[in-house]
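# Coordinates in review
Below, each chain spelled out in residue letters.
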Amino acid sequence: MSSFVFLIVLVGLFLIGVPIAFGLGISSVVTMLMQGNIRFSMIGQMMVSGVNSFTLLSVPLFLLAGKLMNIGGVTERLFDFCKSLVGFLPGGLGHVNVLASVVFAGMSGTAVSDAGGLGAIEIKAMRDSGYDAEFACAVTASSSTIGPIIPPSLPMVVYGMVGSASVGALFMAGIVPGLIMAVAMMAVVAIYAHRKGYPREARPTWKSFLHALKEGILPLMTPVIIIGGIYSGYFTATEAAVIAVVYAFILSVFVYKEMTWQKFKDVLYETVRDSATIGLILAASTLYGNVLIRAQIPQQLLHVMTSAITSPTVMLLVLNVFLLIVGCFMEPISAITILMPLIKPLITTMGIDPVHFGVVMILNLMVGLLTPPVGMCLFVISRTSGLSIAKLSKACLPWVGTLILVVLLLSFCPSLVLCLPRALGML
């Protein structure tokens, strides 16, 4: 009975527009009143424990690093470098778009940062070169989903904390899947280019290539420093975020000299605002998770699911469908914090590796960023380009289908996800 009421209250609050954190808190209090075995004096302690984490410090730091890169002249230089690498291929700027997202993924950690930072540059360049608006916007929105898969990744940090998985192993596990996503997207670009006769850029001369490399080499070192430092053991994922901020600040202020005091204040304000939002959600989700366990709701769900499903493969398939649906209605970090207390017992019982499942879960939720009604990447690109949500959603359908195929491949070939962390001795 309590689980039924808990679900009705939570869904009802979300439907009437109550913010995620407050919805979690209110539904938790309602369940506590029904159960009668949880002291209200524990609420503060539970919520504080949710944000009292060394790992969680990386969230505002990676946010700050990505924002500094966005306004510090880094994105333009990365785009020019990627154009010199693959711009001469058929549909060249489409390939550049995808490759630039792969590179920027190693700096920002979020899809929305990618869409907002690189999006305006990519769409303008493609429109000026004769690409359809729908194609330019669709490939920009879709390629931004690579951001949270290739490290560093804010959703992976949150998943690691909520799901008790190694953040370092998750970071390494995301590299191969991120590259697979990029290859799949570039294949779609090639198909479009062949069918519609999209142009290609002139093949770069050695002089122009070396100039682009000179301009882009310092930003390109960011993912090398982060991944290399974590693997070598010189610093943790949280300390890597500090290094990323310092490096981004040096590039923006002293190297490219495009950071003004006003821009810096704006970046700090946005980082504090976004970090406070995420922190409040995590605090409320910790309370929510503890109340769920005290109310025996995960245990009841575990009994129902495991009595009906005995195969890990079938369980993964069911969870994939569920997460794809959830991703259409819920922002990824919120979905992870809300769902992991329920899902964690299921994957543990079925013997599904939490690192493997973490990458699959995040990728499922990334698909939701390209689908209405809560597709954040759709809204960012629509606002940037002026293209309507309806037209953009339709243009993204082939890319959504491609990502779903990648989800299935990674779900049923766990070695593609786990090969790198295993090779590095992290699992």
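From a predicted model like this one, the values you see are computed outputs, not experimental measurements. (Residues numbered from 1 in each chain as written. Predicted model: local features only at pLDDT ≥ 70, side-chain atom pairs only at ≥ 80, totals over all residues. Heavy atoms only, no water.)

The subject of this paragraph is the overall build of the protein. Helix and strand content of the protein: 22 helices and 0 strands. By the compact-globule yardstick of 22 Å for 427 residues, the protein fits well, its C-alpha radius of gyration being 22 Å. The principal-axis extent of the C-alpha atoms belonging to the protein is close to 70 × 45 × 45 Å. Sorting the 427 residues of the protein into buried and exposed places 55% on the buried side. Residue pairs at least 24 apart in sequence account for 79% of intrachain contacts in the protein once pairs closer than 6 positions are excluded. (Helix = DSSP H or I, 4+ residues; strand = E, 2+ residues; numbered from the N terminus. Rg over C-alpha atoms; globule rule 2.2 N^0.38 Å. Buried < 20%, exposed > 50% of the residue type's maximum accessible area, 1.4 Å probe, protein only. Contact = heavy atoms within 4.5 Å.)

Cis geometry is adopted by the peptide bond preceding Pro 152, which originates at Pro 151 and carries an omega value of 0°. Summarising the element assignment, Pro 152 is placed in the loop between helix H8 (133-143) and helix H9 (154-162). The backbone phi angle of Ser 164 is positive, close to 55°, even though this residue is not glycine. Take Ser 164: it is sitting in the loop between H9 and helix H10 (167-173). Positive phi, normally seen in glycine, also occurs at Lys 257, with a value near 55°. Tracing the backbone through its elements, the reader meets Lys 257 in the loop between helix H13 (237-255) and helix H14 (261-294). What makes Lys 257 exposed here is its relative accessible area of 66%.

This paragraph deals with the packing of helix H16 (residues 312-327) against helix H18 (residues 354-368). The geometry of a pair of packed helices is captured by two quantities: the angle between their axes and the separation between those axes. Contact geometry of H16 with H18 gives a least axis separation of 7 Å together with a crossing angle of 35°. In terms of crossing hand, the pair formed by H16 and H18 is right-handed. Facing H16, whose interface residues are Leu 316, Leu 319, Asn 320, Leu 323, Leu 324 and Gly 327, H18 presents His 356, Phe 357, Val 360, Met 361, Asn 364, Leu 365, Val 367 and Gly 368. A class-by-class count of the residues in the contact of H16 with H18 yields 9 nonpolar, 5 polar and no charged. (Axes fitted to C-alpha atoms, helices over the stretch in contact; angles between N-to-C directions. Left-handed = near helix turned anticlockwise from the far one by under 90°. Nonpolar A, V, L, I, M, F, W, Y, C, P; charged D, E, K, R; others polar.)

This paragraph deals with the packing of aromatic side chains. What the rule picks out here adds up to 11 aromatic pairs. With centroids separated by 5.1 Å and ring planes inclined at 45°, the aromatic side chains of Phe 135 and Tyr 192 adopt a geometry described as tilted. Linking Phe 135 in helix H8 with Tyr 192 in helix H11 (residues 175-196), this pair joins segments that are 57 residues apart in sequence. A cation sits over an aromatic face here: Arg 77 above Tyr 256, 3.8 Å from the ring centre. Over the ring of Phe 88 we find Arg 203; its NZ or CZ atom is 4.2 Å from the centre of that ring. (Phe/Tyr/Trp six-rings, centres within 6.5 Å; stacked < 30°, edge-to-face > 60°. Lys NZ or Arg CZ within 6 Å of the ring centre and 35° of its normal.)

Core analysis: the largest hydrophobic core is formed by 134 residues, its most contacted members being Ile 146, Tyr 159, Phe 171, Ile 343, Phe 357, Met 361 and Trp 399. Looking at this core element by element, the count peaks at 11 residues for helix H17 (residues 332-350). The residues touching Tyr 159, leaving out its near neighbours within four places in the chain, are Ser 164, Ala 165, Leu 170, Ile 336, Met 340, Ile 347, Pro 354, Phe 357, Gly 358, Met 361 and Ile 362. Met 32, Met 42, Ile 43 and Val 291 belong to the second-largest nonpolar core, a separate cluster that totals 6 residues. (Core = buried A, V, L, I, M, F, W, Y, C linked by side-chain atoms within 4.5 Å.)

The next thing to look at is a nonpolar patch on the surface. On the surface, a nonpolar cluster with roughly 710 Å² of combined accessible area is contributed by Ile 217, Leu 218, Met 221, Val 224, Val 242, Val 246, Ile 250, Phe 254 and Val 255. Looking at which element gives the most residues to the nonpolar patch, the answer is H13, with 5 residues. Following the sequence through the fold, Val 242 ends up in helix H13. Overall, the relative accessible area of 38% leaves Val 242 in the partly exposed class. (Patch = residues over 30% accessible without salt bridge, like charges linked within 9 Å, V, L, I, M, F, W, Y side chains within 5 Å. Areas by Shrake-Rupley, 256 points an atom, 1.4 Å probe, with all protein chains shown as cover. Salt bridge = Lys/Arg side-chain N within 4 Å of Asp/Glu carboxyl O.)

Position of His 356 relative to the elements: it lies in helix H18. According to the relative accessible area criterion, His 356 is buried, its value standing at 3%. Those residues in contact with His 356 that lie beyond four places of it in its chain are Leu 316, Leu 410, Ser 411, Pro 414, Val 417 and Leu 418.

Turning our eyes to something else, we now look at the side chain of Asn 97. Positionally, Asn 97 belongs in helix H6 (residues 92-108). On the basis of relative accessible area, Asn 97 is assigned to the buried category, the value being 0%. Among the polar contacts made by the side chain of Asn 97, one reaches the side chain of Ser 143 at a distance of 3.0 Å. Sequence-distant contacts of Asn 97, defined by excluding residues within four places in its chain, comprise Glu 122, Met 126, Ala 136, Val 139, Thr 140 and Ser 143. (Polar contact = N/O pair within 3.5 Å; in protein donor to acceptor, adjacent residues only side chain to side chain.)

As a further point, take the confidence of the model for the protein. Put simply, the protein has an average pLDDT of 83, and 93% of its residues get 70 or more. No element of the protein has a lower mean pLDDT than helix H15 (residues 297-308), which averages 67, and none a higher one than helix H21 (residues 397-412), which averages 94. (pLDDT = per-residue confidence, 0-100.)

Take the environment of Gly 106 next. Residue position: Gly 106 is located in helix H6. Look at Gly 106 and you get buried, because its relative accessible area is 1%. A C-alpha to C-alpha distance of 29 Å links Gly 106 and Ala 21, two positions 85 residues apart in sequence. With near-sequence residues (within four places) excluded, Gly 106 lies in contact with Ile 150, Pro 151, Pro 152, Thr 222, Pro 223 and Ile 226.

To continue, consider H11. In a regular helix each residue adds 1.5 Å, so 22 residues correspond to 32 Å; H11 covers 32 Å between its end C-alpha atoms and thus fits that length. Every buried residue of H11 is accounted for by Ile 175, Pro 177, Gly 178, Met 181, Ala 182, Ala 184, Met 185, Val 188, Val 189, Tyr 192 and Ala 193. Directly after H11, the chain includes Gly 197, whose backbone phi takes a positive value near 65°. (Expected span 1.5 Å × (residues − 1).)

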